[in-house]
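# Breakdown of the fold
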Amino acid sequence: MSVRAARQFRALLVKDLRLELQTRETAVAMVLFAVAAMVIFQFAIGTRTDETTPFAGGILWATLALTAVLGVGRSYVPEREQGVLDGLLVAPVSRMTLLVSKAVAIASYMLAVEVVAVPLAGIFFVEGPFFADLGLLLVVCLLANAGIGILGALFGSMSLFSRARELVLPVLFLPSIVPVVIAAAGATHAIAGVSNDMAEYRGFCLFLGIYALVFGLVAYATYPYVFDD
Amino acid sequence: MTETSSGRRLAVIGTATAALTAVAVFGVFFVAPEDADQGIIQKIFYFHVSIAIASLVAFGVGCVAGIRYLRSREQRHDDVSVIAVGLGLLFSVLVLLTGSIWAKASWGTWWVWGDPRLVTFLIVILLYAAYFVLRSSVEGERQRRYSAIFAIAAFASVPLSFYSVRVAQSFVHPVVFTQGGANMPSSMVVWYVVSQVAAIGLFLTMLQLELIQRRAERRLRALKLQLERALA
């Protein structure tokens, strides 16, 4: 990445994060949504079993996947409603810089939610010792967020120009991130509670890394065509 | 490409596919040996795996046609992509149906969530169903462009679905084809190969048929427009 592209990337990322810091609309709504979803999961699953630890990873990542849909949709509101996109498209900024900055912004929103949702999931659903190593869980979050951010940036941009975009985005996005949910839930489960299966954890983390890499390449190859008119 | 050559190609592929399908059905039911463990239900393997591979071929064709569309912006590549994805989706639904029948007979249940391969095939179906939702919600040239982008992205998830099987280390689904070769006698492999070629032939025939129909519809619309203008 050239110095100019790095500067543009920083400016675009700061634009997204500063807008969020000023309004605090997206992150607060995402956190509230995540907490509400976990409470719903508790009443749907937790009240029917005494042992919720095996479900903790699944509940956490199902919640985060649904929250991601909300975050991706919200992250494109300024582009859509305040004419930001028109300005960006006529500016001498490469499409890749647009993609990377939006992907990092979405991943940052997710990280903000995870700071609240992960400990809460531990308190709500894990019995006995809390997640064996929060550092290991941070790696899972970062790898999963990379995949979610890349796909969110790609599909979020495409949904900008579609009719009924509120419906199109979840339909495109959710099936695409199911492998992320499977792997992230598996990795979380491997280190939750008393279990500490590092071989399984590494396998799922490797999958998350490959997933982010593959979709990073796909987005790199296809994103310039999203705004090609 | 002229319509005559398209028609001739359809006739050749269609005839070969019909012959191969007849041979495959005969071979599978009357020549191939019956599986010692599973009995007659194992016969569904020849169709289940063949259409599974054919569906992946269809999604691959959809992806390649999508790439060619993005590079050339030619309508014919979009036609091939959308038809291939549609046929791949149809074949995938058949894969789940035949897989469910096999699962019921082998494991006593219609669906096994513990097997990531079955589950990821379901995900692939959901993904490609989303392709048509996207297509119907965008218009004009952007519709073809976004469809091509999505066909490429969705196809990238196909190898990931197989990789997830290795990561999750589930052995519920019988693994017939391993790195060491096929876990079945050569008398079964032969009929599997015939079934496989027939399934891919079926895909190519339906693709060609649909392409000819689309071109004919487009030509008819153009003629109708010309006629309306002439009469006006």
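Cut-offs used in this document
Residues numbered from 1 in each chain as written. Chains lettered and ligands numbered in written order. Predicted model: local features only at pLDDT ≥ 70, side-chain atom pairs only at ≥ 80, totals over all residues. Helix = DSSP H or I, 4+ residues; strand = E, 2+ residues; numbered from the N terminus. Rg over C-alpha atoms; globule rule 2.2 N^0.38 Å. Buried ≥ 20, exposed ≤ 12 C-beta atoms within 10 Å, placed from the backbone. Contact = placed C-beta atoms within 7 Å. Core = buried A, V, L, I, M, F, W, Y, C linked by C-beta atoms within 7 Å. Axes fitted to C-alpha atoms, helices over the stretch in contact; angles between N-to-C directions. Parallel < 35°, antiparallel > 145°, perpendicular 65-115°, else oblique. Left-handed = near helix turned anticlockwise from the far one by under 90°. Nonpolar A, V, L, I, M, F, W, Y, C, P; charged D, E, K, R; others polar. pLDDT = per-residue confidence, 0-100. Expected span 1.5 Å × (residues − 1).

Moving on, we come to the overall build of chain A. Assigned secondary structure in chain A consists of nine helices and zero strands. Put simply, chain A runs from its N terminus to its C terminus through helices and strands in the order α-α-α-α-α-α-α-α-α. In terms of C-alpha radius of gyration, chain A reaches 18 Å, essentially the compact-globule figure of 17 Å for 229 residues. Seen through its principal axes, chain A has C-alpha atoms that stretch 55 × 30 × 30 Å. In chain A, buried positions account for 49% of the 229 residues. Summarising the internal contacts of chain A: among those between residues at least 6 apart in sequence, 85% fall at separations of at least 24.

Below, the discussion takes up the overall build of chain B. Scanning chain B from terminus to terminus reveals six helices and two strands. Element order for chain B, N to C, with α for helix and β for strand: α-α-α-α-α-β-β-α. Each of the 232 residues in chain B was classed as buried or not, and the buried ones make up 38%. A fraction of 79% describes how many contacts in chain B between residues 6 or more apart in sequence connect residues 24 or more apart.

Residues and elements named next belong to chain A. When you line up the elements, L151 lands in helix 7 (residues 134–159). Take L151: there are 26 C-beta atoms within 10 Å of it, and that puts it in the buried class. Remark: the alpha-carbon pair of L151 and S108, spanning 43 residues in sequence, is separated by 14 Å. The contact partners of L151, leaving out residues within four places of it in the chain, are F173, S176, I177 and F215.

Residue and element names in this part refer to chain A. One finds A184 and L208 to be the most contacted residues of the largest nonpolar core, which totals 136 residues. Looking at this core, the element that brings in the most residues is helix 8 (residues 165–191), giving 16 residues. Contacts of L208, omitting those with residues within four sequence positions, involve V140, L143, A144, G147, V180, A183 and A184.

Our next topic: the packing of helix 7 of chain A against helix 9 (residues 198–226) of chain A. Residues and elements named next belong to chain A. Packing of helix 7 against helix 9 brings their axes to within 9 Å, and their N-to-C directions diverge by 20°. Of the possible angle classes, the one that applies to helix 7 and helix 9 is roughly parallel. Judged by the sense of rotation from one axis to the other, the crossing of helix 7 with helix 9 is left-handed. A breakdown of the residues in the contact of helix 7 with helix 9 according to their chemical character gives 20 nonpolar, four polar and no charged.

Next up on the list: the interface of chain A and chain B. Taken together, the contact pairs 29 residues of chain A with 24 residues of chain B. Where the side of chain A that touches chain B is concerned, the elements lending two or more residues are helix 7, helix 8 and helix 9 of chain A. Top contributing element to the side of chain A that touches chain B by residue count: helix 9 of chain A, with eleven residues. For the side of chain A that touches chain B, the class distribution of residues is 21 nonpolar, five polar and three charged.

Next up on the list: the confidence of the model for chain B. Residue and element names in this part refer to chain B. Of the residues in chain B, 87% reach a pLDDT of 70 or more, and the chain-wide mean stands at 86. Mean pLDDT values over the elements of chain B span from 61, in strand 1 (residues 177–178), up to 94, in helix 2 (residues 44–72). For this predicted complex, the interface confidence comes out at an ipTM of 0.88, alongside a pTM of 0.87.

This part is about helix 2 of chain B. Over its 29 residues, helix 2 of chain B runs 41 Å from end to end, which matches the ideal 42 Å to within 8%, given 1.5 Å per residue. Backbone geometry just after helix 2 of chain B places B:R73 at a positive phi near 60°.

Positive phi outside glycine occurs at A:A164, with the angle close to 50°. The residue A:A164 is located in the loop between helix 7 and helix 8 in this model. Residue A:A164 is classed as exposed on the basis of its C-beta count, with 12 C-beta atoms lying within 10 Å. Even without being glycine, B:R73 reaches a positive phi, approximately 60°.

Let us now look at the environment of A:P78. Summarising the element assignment, A:P78 is placed in helix 4 (residues 77–81). Sequence separation between A:P78 and A:F204 is 126 residues, and the spatial gap between their C-alpha atoms is 35 Å.

With respect to the secondary-structure elements, A:L32 resides in helix 2 (residues 25–44). Each C-alpha atom, one on A:L32 and one on A:T67, is 9.4 Å from the other, the two residues being 35 residues apart in sequence.

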